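As a plain string of letters, each chain reads:
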Amino acid sequence: MINATNNEIWVFGDLRTRHLLDLSLKVLVKAAGLARKTGDPVVMFLLIPAATNLLTVSENEACAIQEIVEDEAIAWGADVVYLFENERFSPPTAHLFADALTPVFKEKSPRLVLFPLTDFGRDLAARTAAAARAGLMADCVEFRLGEDGAVVGLCPAWGGEIMSEITYVPGRGTGFVTVQPHGGTGEKDTKRKGRIERMVLADIPEAKEIRLVSVKPAPLTGDDLESARTVVVGGAGLGSMENFGQVRQLAAAMAGQVAATRPPVLNHWVAEDRLIGQTGRTVRPNLLISVGTSGAIQYTAGIMESGTIVAINRDPAAPIFRLADIGVVADAPTFLPLLISRTRQAVMRRLADDMCTDTSVHMKRSGFGEKIRALREAQDWSQEHLAEATGQTPEFIAGVESGEISPPVAFILRLSGAYGVDPGTFLRHEEKEWIRDQRTQAYVNRTRNYSYQTLTSGADHDHLRAFMVTIEPHHDHKPVAYKHEGEEFIFVMEGELEFTLGSKVHTLKKGESIHFHSNTPHKLKSLSAEMTRV
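These numbers were taken from a predicted model, which means no experiment stands behind them.

This brings us to the overall build of the chain. On a plain count of helices and strands, the chain comes out with 15 helices and 25 strands. In the chain, which comprises 534 residues, the proportion classed as buried is 46%. Here the contacts in the chain between residues at least 6 apart in sequence split such that 64% fall between residues at least 24 apart. Approximately 27,600 Å² of the chain is accessible, and the part contributed by carbon and sulfur atoms is 50%.

With that out of the way, let us pick up the sheet that holds strand 17 (residues 326-329). Here we have 5 strands laid out as an open sheet, ordered 14-13-15-16-17, and parallel in their pairing. In this open sheet, the two strands that pair with only one neighbour each are strand 14 (257-260) and strand 17. For this sheet the average axis-to-axis angle between neighbouring strands, irrespective of direction, equals 15 degrees. The sheet contact formed by strand 13 (residues 230-234) and strand 15 (residues 287-291) spans 5 bridges and is parallel. Within strand 15, the position partnered with Thr 230 by the bridge is Leu 287. Sheet strands in contact with helix 5 (residues 241-253) are strand 13, strand 14 and strand 15, and its direction is about 150 degrees off that of strand 14.

This part covers the packing of aromatic side chains. Scanning the entire structure with this criterion turns up 17 aromatic pairs. Aromatic side chains Trp 10 and Phe 105 sit 5.8 Å apart centroid to centroid with 70 degrees between the ring planes, which places their arrangement in the edge-to-face category. A residue pair is termed long-range when its members are at least 10 positions apart, and Trp 10 in strand 1 (residues 9-12) and Phe 105 in helix 3 (residues 94-108) qualify at 95 residues. Among the residues examined, Phe 105 registers a relative accessible area of 4% and is labelled buried. Here a set of aromatic residues connected by ring pairs shows up, and it is made of Trp 10, Phe 12, Phe 45, Tyr 82, Phe 84, Phe 89, Phe 97, Phe 105, Phe 115, Phe 120 and Phe 176.

Moving on to helix 13 (residues 394-402). Where helix 13 is concerned, the buried positions are Phe 396, Ile 397, Gly 399, Val 400 and Glu 401. A positive phi of about 85 degrees marks Gly 403, the residue just after helix 13.

Taken together, the 7 strands give an open sheet; going across it, the order is 7-11-6-1-2-5-12, and neighbouring strands pair in parallel fashion. Since the sheet does not close on itself, it has two edges, and those belong to strand 7 (136-140) and strand 12 (195-200), each with one partner. Within this sheet the neighbouring strands show an average axis-to-axis angle of 20 degrees, counted without direction. The pairing of strand 6 (residues 112-116) with strand 11 (residues 175-179) spans 5 bridges and is classified as parallel. Opposite Leu 114, over in strand 11, you have Val 177 as the bridge partner. Along the sheet, helix 4 (residues 119-131) makes contact with strand 1, strand 6, strand 7 and strand 11, crossing strand 6 at roughly 155 degrees.

As a further point, take the pattern of salt bridges. When charged atoms on two side chains of opposite charge get close, those side chains can pair. What the rule picks out here adds up to 19 salt bridges. Among the ionic pairs, Glu 272 bridges to Arg 262, the shortest N-O distance being 4.0 Å. Here the residue Glu 272 occupies a position in the loop between helix 6 (262-266) and strand 15, and Arg 262 occupies one in helix 6, the gap between them amounting to 10 residues. Taking relative accessible area as the criterion, Glu 272 reaches 38% and is therefore assigned partly exposed.

Burial of the side chains of strand 14 extends over both faces: Gln 257 and Ala 259 are buried on one face and Val 258 and Ala 260 on the other. Relative to strand 14, strand 13 runs parallel, the two being bridged by 4 bridges. What sits directly across from Val 233, in strand 14, is Ala 259. Considered for its hand, the β-α-β crossover made up of strand 13, helix 5 and strand 14 is right-handed.

Looking now at helix 1 (residues 18-38). With 21 residues, helix 1 extends 30 Å from end C-alpha to end C-alpha; this agrees with the ideal 30 Å at 1.5 Å per step. Put simply, Thr 17 is the residue that caps the front of helix 1, since its side-chain oxygen is 3.1 Å from the backbone nitrogen of Leu 20. One or two positions beyond helix 1, positive phi appears at Gly 39, with a value near 80 degrees.

For the rest of this paragraph, the subject is the side chain of Thr 230. Looking at where Thr 230 falls in the secondary structure, it is placed in strand 13. Judged by its relative accessible area of 15%, Thr 230 falls in the buried class. With sequence-adjacent residues up to four places away left out, Thr 230 is seen in contact with Met 254, Gly 256, Gln 257, Pro 285 and Leu 287.

Here the bond from Ser 90 into Pro 91 is cis, since omega is 0 degrees, no more than 30 degrees from zero. Here Pro 91 is to be found in the loop between strand 5 (80-85) and helix 3. Even without being a glycine, Arg 133 presents a positive backbone phi close to 50 degrees. As for its position among the elements, Arg 133 is in the loop between helix 4 and strand 7. The phi angle at Ala 255 is positive, at roughly 55 degrees, despite the residue not being glycine. Take Ala 255: it is sitting in the loop between helix 5 and strand 14. Judged by its relative accessible area of 39%, Ala 255 is partly exposed.

For the structure on display, the rule yields 0 disulfides. With no disulfide of its own, Cys 155 has Cys 140 as its nearest cysteine by sulfur position, at a separation of 4.3 Å.

A few words now on the packing of helix 3 against helix 4. For any two helices packed against each other, one specifies the inter-axial angle together with the distance between the axes. Viewed as axis vectors pointing N to C, helix 3 and helix 4 meet at an angle of 40 degrees, and their least axial separation amounts to 9 Å. Looking at the two axes, helix 3 sits oblique to helix 4. Considering how the two elements wind past one another, helix 3 and helix 4 form a crossing that is right-handed. Where helix 3 abuts helix 4, its residues Ala 94, His 95, Phe 97, Ala 98, Leu 101, Thr 102 and Phe 105 lie against Phe 120, Asp 123, Leu 124, Arg 127, Thr 128 and Ala 131.

Cut-offs applied
- Residues numbered from 1 in each chain as written.
- Predicted model: local features only at pLDDT ≥ 70, side-chain atom pairs only at ≥ 80, totals over all residues.
- Heavy atoms only, no water.
- Helix = DSSP H or I, 4+ residues; strand = E, 2+ residues; numbered from the N terminus.
- Buried < 20%, exposed > 50% of the residue type's maximum accessible area, 1.4 Å probe, protein only.
- Contact = heavy atoms within 4.5 Å.
- Areas by Shrake-Rupley, 256 points an atom, 1.4 Å probe, with all protein chains shown as cover.
- Pairing = 2+ DSSP bridges.
- Axes fitted to C-alpha atoms, helices over the stretch in contact; angles between N-to-C directions.
- Phe/Tyr/Trp six-rings, centres within 6.5 Å; stacked < 30°, edge-to-face > 60°.
- Salt bridge = Lys/Arg side-chain N within 4 Å of Asp/Glu carboxyl O.
- Right-handed = clockwise from strand over helix to strand, strands pointing away.
- Expected span 1.5 Å × (residues − 1).
- Polar contact = N/O pair within 3.5 Å; in protein donor to acceptor, adjacent residues only side chain to side chain.
- Disulfide = S-S within 2.5 Å.
- Parallel < 35°, antiparallel > 145°, perpendicular 65-115°, else oblique.
- Left-handed = near helix turned anticlockwise from the far one by under 90°.

Laid out in structure tokens, this is it:
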């Protein structure tokens, strides 16, 4: 079957979000670069609901991109913009778009049709290429012209180890391509002139086998990989999903983002939206740690603009070391636990430095609260979870994170425990002395209070201390601040005590006792008509 084509290069414009439209415009830039070599006209085609402005989906309502798309497309290299209209184009679905476009491609017979390398672009390209019984070039990075004038696509193969050159059989009709958006070069020219045409596409067949169940935008999250300051990338060298979990731990310890090369994505160790490289995302962090990655071109194309690159690989000849600023030749699953431990210690060390500078003003300037929040979110903890782990209230945690509260040193000690770090590994001698002095002052304050009677004379610096606590009849006990680590015991000498430990309430009578960890929130109340002493 020999099919003639015209010499137009078409590019699909994805209008679902502004980000996806930008990816389409980047593919348009590559198409314009190819057209400068072939002399072919460039067409951007868009599918829109009939008799409406151009729409994209947002959280609550449609956001109009009015009189922008056509102008931007022409400014970035389009000679013609086709607006294909049909009332069924909202919401957009790949099978409906493919059914609508198939007769258009048959009639117009463009030389090439380019789609952005997204999930929707892949789906639409595959459906339209199959319907046209045409060749589909997948994951194309760039184009060049062959000696016979044929268009040659450069596509990664063998896991990115090589760049294969693919072209179409002459005379076999339209060629379809999914294109990596990043890497194109071109300049926006707002003075360019182009043609805009609207066409109503009618008689689109109904796909009875496919039913739309629901459609809603993905929720916005703080996991913005492309703008992250720290990124940890895991590769095939990790060997298993369990080992890839160490990449997540390292990223969480640094309040960074997790990313991956193609093999972990294919093995379902991590979601596809974490993919880095020519067929994934491009990142520009201040620090990128690449673990168990060989350094294939397909991957490194997505990290070239990173600040400092640290590579960990057992193979000293791995190509990634040629790109890295710091290289560690080591078995990743063996090396990572040590790196995670040291990283956590360093994070706590910095937090201790920030907190020990006395003034809340300095803490605000140093971003202490922001660091606590970033650390909490990296662990996927709620404020309630961190409050329980540190013996505080959610309101206290919120105040620390906003910079309104300067926490006591005990907060860092409890935070380090929740974080899995021994405080002794990062506290300096003078800070340990400071903590001891705070403990001493708290002891003095408590012994001055009428409701406390010390039973351990001269125990200013001791860890084990005993007090007789007197509680007014039918009153809550008002404790004097006395944060400490370790175990605590209560023995009822007189009266009846209501003791709340966490969310559980205990009733203790004379002669009864209870034993618990001091980190667990607790409070005391007298249930007696007379004084309760414990």
